[in-house]
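What the coordinates show
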Amino acid sequence: MSAPRKLYIKTYGCQMNVYDSERMAEALGGQGYVETQTPDDADMILLNTCHIREKAAEKVYSELGRFKALKAANPDLKIGVAGCVAQAEGQEIMRRQPLVDLVVGPQSYHRLPQLEARARAGEKALDTDFPEDDKFETLRHRPKAARGPTAFLTVQEGCDKFCAFCVVPYTRGAEVSRPATRILEEARDLVERGVREITLLGQNVNAYHGSGDGGDWSLARLIRALAEIDGLERIRFTTSHPNDMSDDLIAAHGDCAKLMPYLHLPVQSGSDRILKRMNRSHTAEQYLRLIERIRAARPDILLSGDFIVGFPEETEADFEDTLALIRAVEYGQAYSFKYSTRPGTPAAERPQLDEEVKTDRLYRLQALLTEQQRRIQDSMVGREVSVLFERSGRHEGQMVGKSEYLHAVHVEDAVRGGIEPTGQIARVRIIGSGTNSLSGVLV
Ligand code: SAH
Ligand code: SF4
Ligand code: F3S
């Protein structure tokens, strides 16, 4: 019997790419590939790429260049590009980097076995279609191997919102929701294999509206059905759009015990003028009122956001509106970026701000956000939280997990207290707050 072929996948970008990389490994698993953690001994290298900002896209080409020596040493090595750069640039990738044998867009992963065979036969294989058949339906031949306590589960893909800065509607296509029955089936399977916490994923996850028993399913209905699964202890979802935060979803944050008190709700800017130019279709005030309603349902919820500074035409006054919104909300977690021009998007055609202005604003924005995150993290000291343990820590007997608020928590006496192996949930009293994590003791 010949040795199995080795597959090395490197994942960039968002959590949906992480989920997709698992699906690609499964699809090629059927072709006799096993995953390896290094490109050095691989028979196939797949880069699962991100196109969201210029830097992310350029990284791909520098990474590809590094595989030259590997390909020279092993002419049978096949190199593939998947993900959003594959979708956006297609054939251009092979022209710019002839080492590439295969290019596959995010909606065609179920066709990987055929594409791999073509690449093996010496062809250049390209597939950037948006096929009718569902990539998730044909990728259900998953192995029943045990796995860690947390998992991602994509429930919705694509986006119809067309924010003026964003490539996602072009790289991932139109919004599509998976059927609720399939998602519940996949969740039960994950739980049987050891998963305790599931994060539901979608570019606009709260716009989810899937088919299922008894008609149309909203995300809130899906969450309530998932909460019925024995052994599944925690549910999260990301990323949400403010305009799709429906009453039933807000209510679920108040009355569904398994839904964790953490919400990533990007706003991008606090200036109505800029929000309008971004095509976000809500005002700063509407966002703040929404946050009030969410906090009324779940007062201890930890809020997270995304921000873009230096969008075309952003003035100092617009930027200060963003700082004011941040002060009003108080974020426990945040991601912030300088606006990056993306080919094909409306904002790329507009006059751009100076790089120094963007850098200065990002610095000031991040200083404020860091201060807020710090304050909220420090305020956990003395409180009791529940921790889902995910791995051993660096110290003897120490274990590390996440609180319901998604803070990393180190517990020194975990093993002594009977927390082992991973996947257990325990009450922990927080006794310290470090740079990026909390420390606690078992209650
Ligand atoms: N669907 C999500 C976000 C997906 S992209 C939502 O609507 O909130 C993740 C984040 O990347 C965005 O929230 C935005 O803050 C950032 N982003 C997207 N396009 C960008 C660009 N052209 N330049 C800088 N940041 C960008
Ligand atoms: Fe991009 Fe806007 Fe869609 Fe989010 S809602 S994926 S930022 S277009
Ligand atoms: Fe990047 Fe595509 Fe995700 S552009 S953020 S990998 S949807």
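Residues numbered from 1 in each chain as written. Chains lettered and ligands numbered in written order. Predicted model: local features only at pLDDT ≥ 70, side-chain atom pairs only at ≥ 80, totals over all residues. Heavy atoms only, no water.

**Side note on the pairing of strand β3 (residues 44-49)**
Counting buried residues in β3 gives six out of six residues, a clear majority hidden from the surface. Residue alternation in β3 divides its side chains into two sets, Met44, Leu46 and Asn48 and Ile45, Leu47 and Thr49, and both sets are buried. Strand direction decides the pairing type here: strand β1 (residues 5-11) and β3, joined by five bridges, are parallel. The partner of Tyr8 across the bridge, within β3, is Ile45. Two elements, β3 and strand β4 (residues 78-82), share five bridges in a ladder whose sense is parallel. (Buried < 20%, exposed > 50% of the residue type's maximum accessible area, 1.4 Å probe, protein only. Helix = DSSP H or I, 4+ residues; strand = E, 2+ residues; numbered from the N terminus. Pairing = 2+ DSSP bridges.)

**Notes on the UniProt feature "binding site: [4Fe-4S] cluster 2" (unreviewed entry) in the protein**
UniProt's feature table lists "binding site: [4Fe-4S] cluster 2" (unreviewed entry) at Cys159, Cys163 and Cys166, given in the numbering used throughout. Structurally, Cys159 can be placed in the loop between β8 (156-157) and α7 (168-171). Those residues in contact with Cys159, other than ones at most four positions away along the chain, are Val168, Pro169, Gly173, Ala174, Glu175 and Asn204. Looking at where Cys166 falls in the secondary structure, it is placed in the loop between β8 and α7. Here Cys166 is in contact with Ile52 and Thr345, once residues within four sequence places are set aside. (UniProt positions renumbered as here; feature names shortened; annotations may be inferred. Contact = heavy atoms within 4.5 Å.)

**Notes on unusual backbone geometry**
In this structure, the amide linkage connecting Thr238 to the following residue, Thr239, adopts the cis form with an omega of 0 degrees. Position of Thr239 relative to the elements: it lies in the loop between β13 (234-238) and α10 (247-255). With an omega dihedral of -5 degrees, the bond running from Glu420 to Pro421 counts as a cis peptide bond. Within the secondary structure, Pro421 sits in the loop between β19 (408-411) and β20 (425-433). Positive phi, close to 65 degrees, is recorded for Asn279, a residue that is not glycine. Examined against the element boundaries, Asn279 turns out to sit in the loop between α11 (272-277) and α12 (284-297). Of the residues examined, Asn279 reaches a relative accessible area of 39% and is grouped as partly exposed.

**Focus on the nonpolar core**
Residues Leu200, Leu222, Phe237 and Tyr331 are the most contacted members of the largest nonpolar core, which totals 60 residues. Lining this core are residues from two domains, each supplying at least three of them: domain 2 (146-260) and domain 3 (295-379). Those residues in contact with Leu222 that lie beyond four places of it in its chain are Val155, Ala180, Ile183, Leu184, Leu200, Tyr208 and Trp217. Grouped together as the second largest cluster of nonpolar side chains are 23 residues, Tyr8, Tyr61, Ile79 and Val103 included. (Core = buried A, V, L, I, M, F, W, Y, C linked by side-chain atoms within 4.5 Å. Domains from an automatic or database assignment.)

**Section: the sheet that holds β1**
Pairing is parallel across the open sheet formed by six strands, whose spatial order is β2-β1-β3-β4-β5-β6. Both outer strands of the open sheet, β2 (33-35) and β6 (125-127), are each paired with one neighbouring strand and no more. Looking at each pair of strands side by side, their axes are set apart by 20 degrees on average, direction ignored. With three bridges connecting them, β1 and β2 associate as parallel partners. Counted as the bridge partner of Lys6 is Val34 from β2. (Axes fitted to C-alpha atoms, helices over the stretch in contact; angles between N-to-C directions.)

**Comments concerning the site of ligand 3**
Taken together, Cys14, Asn17, Thr49, Cys50, His51, Ile52, Cys84, Arg172 and Gln203 make up the full set of residues near ligand 3. Across the shell around ligand 3, the residue classes break down as four nonpolar, four polar and one charged. (Near = heavy atom within 4 Å. Nonpolar A, V, L, I, M, F, W, Y, C, P; charged D, E, K, R; others polar.)

**Notes on the packing of aromatic side chains**
Taken as a whole, this structure holds four aromatic pairs when the rule is applied. For the pair Phe165 and Phe311, a centre-to-centre distance of 6.2 Å together with 85 degrees between the ring planes defines the contact as edge-to-face. Of this pair, Phe165 sits in the loop between β8 and α7 while Phe311 is found in the loop between β15 (302-309) and α13 (316-329), placing the two residues 146 residues apart along the sequence. Exposure remark for Phe165: the relative accessible area of 11% places this residue in the buried category. Grouped by ring-pair contacts, the aromatic residues Phe165, Phe311 and Tyr339 constitute a single cluster. The cationic tip of Arg53 hangs over the ring face of Phe337; the distance from NZ or CZ to the ring centre is 3.6 Å. Taking NZ or CZ as reference, Arg96 lies 3.6 Å from the ring centre of Tyr61, over its face. (Phe/Tyr/Trp six-rings, centres within 6.5 Å; stacked < 30°, edge-to-face > 60°. Lys NZ or Arg CZ within 6 Å of the ring centre and 35° of its normal.)

**Brief notes about the site of ligand 1**
If you check the shell around ligand 1, you find 15 residues, and the closest are Phe165, Gln203, Gln268, Asp306 and Ser340. One of the backbone N or O atoms of Phe165 is found 3.0 Å from a nitrogen atom in ligand 1. One of the backbone nitrogen or oxygen atoms of Gln203 is found 2.6 Å away from a nitrogen atom of ligand 1. Considered on its own, ligand 1 offers 540 Å² of accessible surface; in the complex 90% of this is hidden by protein. Looking at the shell around ligand 1, the elements with two or more residues in it are β15 and β16 (333-338). Residue composition of the shell around ligand 1, grouped by class: six nonpolar, four polar and five charged. Split by domain, the residues of the shell around ligand 1 number at least three in each of domain 2 (146-260) and domain 3 (295-379). (Polar contact = N/O pair within 3.5 Å; in protein donor to acceptor, adjacent residues only side chain to side chain. Areas by Shrake-Rupley, 256 points an atom, 1.4 Å probe, with all protein chains shown as cover.)

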